[in-house]
Amino acid sequence: MANVTTGKGSSAEQSPPRRRGRRPAGEDTRTALLEAARAVFAEHGYHRATVRAIARRAGLDPAMVKHWFGSKEGLFAQAVLQVPFDFRDLVSDITADGPERLGENIVRLFVTSWDGAGGNRFVALVRSITSHEEALDVLRDTLLNQLFTAVTQVAGSDHPDLRASLCATQVIGLGMARYVAGIEPVASAGVDTLVALVAPTLQRYITGDLGEATN
């Protein structure tokens, strides 16, 4: 994956030329398309990504997308909407250092994942939520229902649903600012900087006093 640190990028058509001839033995066509799709969707979002650009990134004929997935929509569903994480493991990672470091662990986990190759699916989701309703549904379900509600419950916080929704707004907002809007200096800030600045807000959302809003 290209290092996606801002919302800026070249056209979805600007990708490596398609390789000619037969693919190397043992290279799986379907896997190659999925990996290419995640990269292109992460860089450009759903609408700006094209079947031609994805196929070129994979070194394949665009007809292979139709053959394996039926359409760009079908490829998006397989490549991006089926989030492969076991959220029990994520909750364990976030809560491993005790309740006082929940905010820090959340920011570090997400920014590190988003910035690295393993974050393609989440970056693609974030970049697509303004134009693809199903992407928003998946992001909302994974962050709100499967992750942050569980974190607030493990932390023993009151009003877990409210706290989980506040965490989701913070993380989605950070993702939009860093990868979609390219708002500086957030878009190019280092992980440690973002942890120092954003983690205290998340920590308050999970364990702090929410004041009169909960009375």
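As shown above, the structure is provided for reference.
Draft legend 1. The arrangement of the overall build of the protein in detail. For the protein, the count of helices and strands is 10 helices and 0 strands. In the protein, the order of α-helices and β-strands from amino to carboxyl end is α-α-α-α-α-α-α-α-α-α. Each of the 215 residues in the protein was classed as buried or not, and the buried ones make up 46%. Residue pairs at least 24 apart in sequence account for 74% of intrachain contacts in the protein once pairs closer than 6 positions are excluded.

Draft legend 2. Structural detail: the environment of Thr-112. Checked against the element boundaries, Thr-112 lands in helix 6 (residues 102-115). When the C-alpha positions of Thr-112 and Val-191 are compared, they lie 6.9 Å apart, and in sequence the two are 79 residues distant. Polar side-chain contacts of Thr-112 include one of 2.7 Å to the backbone oxygen of Arg-108.

Draft legend 3. Structural view of the pattern of salt bridges. Scanning the entire structure with this criterion turns up 7 salt bridges. Measuring nitrogen to oxygen at the nearest pair gives 2.9 Å for the salt bridge that ties Asp-192 to Arg-108. Pair noted here: Asp-192 is in helix 10 (residues 191-207) and Arg-108 is in helix 6, with a separation of 84 residues, a long-range link. Exposure remark for Asp-192: the relative accessible area of 54% places this residue in the exposed category. Ionic pairing is found between Asp-115 and Arg-178, a salt bridge with its closest N-O pair at 2.8 Å. With a gap of 63 residues between them, Asp-115 in helix 6 and Arg-178 in helix 9 (residues 160-180) connect regions that are remote in the sequence. Note on Arg-178: relative accessible area 2%, which makes it buried.

Draft legend 4. Inspection of the nonpolar core at higher detail. Phe-41, Leu-147 and Phe-148 are the most contacted members of the largest nonpolar core, which has 59 residues in total. For this core, the element with the highest residue contribution is helix 1 (residues 29-48), accounting for 9 residues. The contacts of Phe-41, once residues within four sequence positions are left out, are Tyr-46, Ala-49, Ile-54, Lys-72, Phe-76, Val-80, Ala-124 and Arg-127.

Draft legend 5. Helix 8 (residues 133-154), seen in detail. An ideal rise of 1.5 Å per residue puts 32 Å on 22 residues; helix 8 measures up with 30 Å between its terminal C-alpha atoms. Largest kink in helix 8: about 30 degrees, centred on Phe-148. Listing the buried residues of helix 8 in full gives Ala-135, Val-138, Leu-139, Thr-142, Leu-143, Leu-147, Phe-148, Thr-149, Val-151 and Thr-152. In the core, the buried residues of helix 8 are packed alongside helix 4 (72-81), helix 5 (87-95), helix 6, helix 7 (120-128), helix 9 and helix 10. Just beyond helix 8, the residue with positive phi is Gly-156, at close to 75 degrees.

Rules and cut-offs
- Residues numbered from 1 in each chain as written.
- Predicted model: local features only at pLDDT ≥ 70, side-chain atom pairs only at ≥ 80, totals over all residues.
- Heavy atoms only, no water.
- Helix = DSSP H or I, 4+ residues; strand = E, 2+ residues; numbered from the N terminus.
- Buried < 20%, exposed > 50% of the residue type's maximum accessible area, 1.4 Å probe, protein only.
- Contact = heavy atoms within 4.5 Å.
- Polar contact = N/O pair within 3.5 Å; in protein donor to acceptor, adjacent residues only side chain to side chain.
- Salt bridge = Lys/Arg side-chain N within 4 Å of Asp/Glu carboxyl O.
- Core = buried A, V, L, I, M, F, W, Y, C linked by side-chain atoms within 4.5 Å.
- Expected span 1.5 Å × (residues − 1).
- Bend = angle between axes of the 7 residues up to and from the residue.

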